[in-house]
Amino acid sequence: MRLIKKLVKVLGFAVVAVVGILLLLAALPFILLAKPFSAHAERKREARFQLQKMQLGGGCYFIYTNKKKICDFVQQEVLPLLPADIEIVFIADKQLNTDYDGDFIVCLIAEGRVPGGYPFLMKISKEKVLGKSINNEVYNAMENKGNIQRLDEEIMNFYGLGYS
């Protein structure tokens, strides 16, 4: 009786394994056929990103999120200080609020991202994406109510707009 139970258990496992292998073999041609298309789409996306990056050489971006504590401060105190030529990108619930192509901004953030969190400064310089987190500077400015001069200097220096 024990031998029969063991045999049924082993045979059950073998049947499941064989069915799994057969399903994998049946799906393999579809996987292999789809791979070149996805690779082509990725190359096309990367080429479009590189072209946009070249066209927007010198572009400056200020990226922030809807994190309540920072969002209100940024909207009331920081955004009014930014020059008009800096593109503001607001990320709310993983949705981008910008006039630019969403794929372009996602690639831009991925290429220029450095540790530290949002808000985030980015610029394209000589076809390279440079990024800087000003998270600590924003929190320091928030703690020193009304004293955002240091934060303003950090932003302007990053974009090369003064306060040398």
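Up top is the structure.
Procedures and definitions
- Residues numbered from 1 in each chain as written.
- Predicted model: local features only at pLDDT ≥ 70, side-chain atom pairs only at ≥ 80, totals over all residues.
- Heavy atoms only, no water.
- Helix = DSSP H or I, 4+ residues; strand = E, 2+ residues; numbered from the N terminus.
- Contact = heavy atoms within 4.5 Å.
- Buried < 20%, exposed > 50% of the residue type's maximum accessible area, 1.4 Å probe, protein only.
- Right-handed = clockwise from strand over helix to strand, strands pointing away.
- Pairing = 2+ DSSP bridges.
- Salt bridge = Lys/Arg side-chain N within 4 Å of Asp/Glu carboxyl O.
- Core = buried A, V, L, I, M, F, W, Y, C linked by side-chain atoms within 4.5 Å.
- Axes fitted to C-alpha atoms, helices over the stretch in contact; angles between N-to-C directions.
- Parallel < 35°, antiparallel > 145°, perpendicular 65-115°, else oblique.

Draft legend 1. The overall build of the protein chain, seen in detail. In terms of helices and strands, the protein chain carries five helices and five strands. Ordered by position from N to C terminus, the α and β elements of the protein chain give α-β-α-β-β-α-β-β-α-α. For the protein chain, the share of sequence-separated contacts (at least 6 apart) that also reach a separation of at least 24 residues comes to 57%.

Draft legend 2. Spotlight on the pairing of strand β1 (residues 60-65). Here β1 lies mainly inside the structure; six of its six residues are buried. Because side chains alternate across β1, one face comprises the buried residues Cys-60, Phe-62 and Tyr-64, and the other comprises Tyr-61, Ile-63 and Thr-65, equally buried. Running through helix α2 (residues 68-78), the crossover from β1 to the neighbouring parallel element strand β2 (residues 86-92) is right-handed. Of the pairings in the sheet, the one linking β1 to strand β4 (residues 120-125) comprises four bridges and is antiparallel in character. What sits directly across from Tyr-61, in β4, is Met-122.

Draft legend 3. Expanded view of the pattern of salt bridges. A complete count under the given rule lists three salt bridges for this structure. Measuring nitrogen to oxygen at the nearest pair gives 2.4 Å for the salt bridge that ties Glu-154 to Lys-132. Of this pair, Glu-154 sits in helix α5 (residues 149-159) while Lys-132 sits in strand β5 (residues 128-133), and the two are 22 residues apart along the sequence. Under the relative-accessibility criterion, Lys-132 is labelled partly exposed at 25%. Between Glu-154 and Arg-150 there is a salt bridge whose closest N-O contact spans 2.7 Å. Separated by four residues within a single helix, Glu-154 and Arg-150 lie in helix α5, roughly one turn from each other. Relative accessible area serves as the criterion here: at 12%, Glu-154 is assigned to the buried category. Connected through salt bridges with shared partners, the residues Lys-132, Arg-150, Glu-153 and Glu-154 form a single ionic network.

Draft legend 4. Molecular detail of the nonpolar core. Formed by 23 residues in total, the largest nonpolar core has its most connected members in Phe-62, Phe-73, Leu-151, Ile-155 and Tyr-159. Breaking this core down by element, the ones donating at least two residues are β1, α2, β2, α4 (135-143) and α5. The leading source of residues in this core is α2, at five residues. When sequence neighbours within four positions are dropped, the list of residues in contact with Phe-73 reads Val-78, Val-138, Ala-141, Met-142, Ile-148 and Leu-151. By size, the runner-up hydrophobic cluster in this structure holds nine residues, among which are Val-89, Tyr-118, Phe-120 and Met-122.

Draft legend 5. Structural detail: the environment of Pro-80. Examined against the element boundaries, Pro-80 turns out to sit in the loop between α2 and β2. Overall, Pro-80 belongs to the exposed group, its relative accessible area being 56%. Leave out the neighbours within four places in its chain, and Pro-80 touches Val-74 and Gln-75.

Draft legend 6. Main features of the packing of α2 against α4. Axis separation between α2 and α4 bottoms out at 11 Å; the angle between their running directions is 75 degrees. Judged on the interaxial angle alone, α4 and α2 are roughly perpendicular. Between α2 and α4, the residues in contact are Lys-69, Ile-70 and Phe-73 and Asn-135, Val-138, Tyr-139, Ala-141 and Met-142, respectively.

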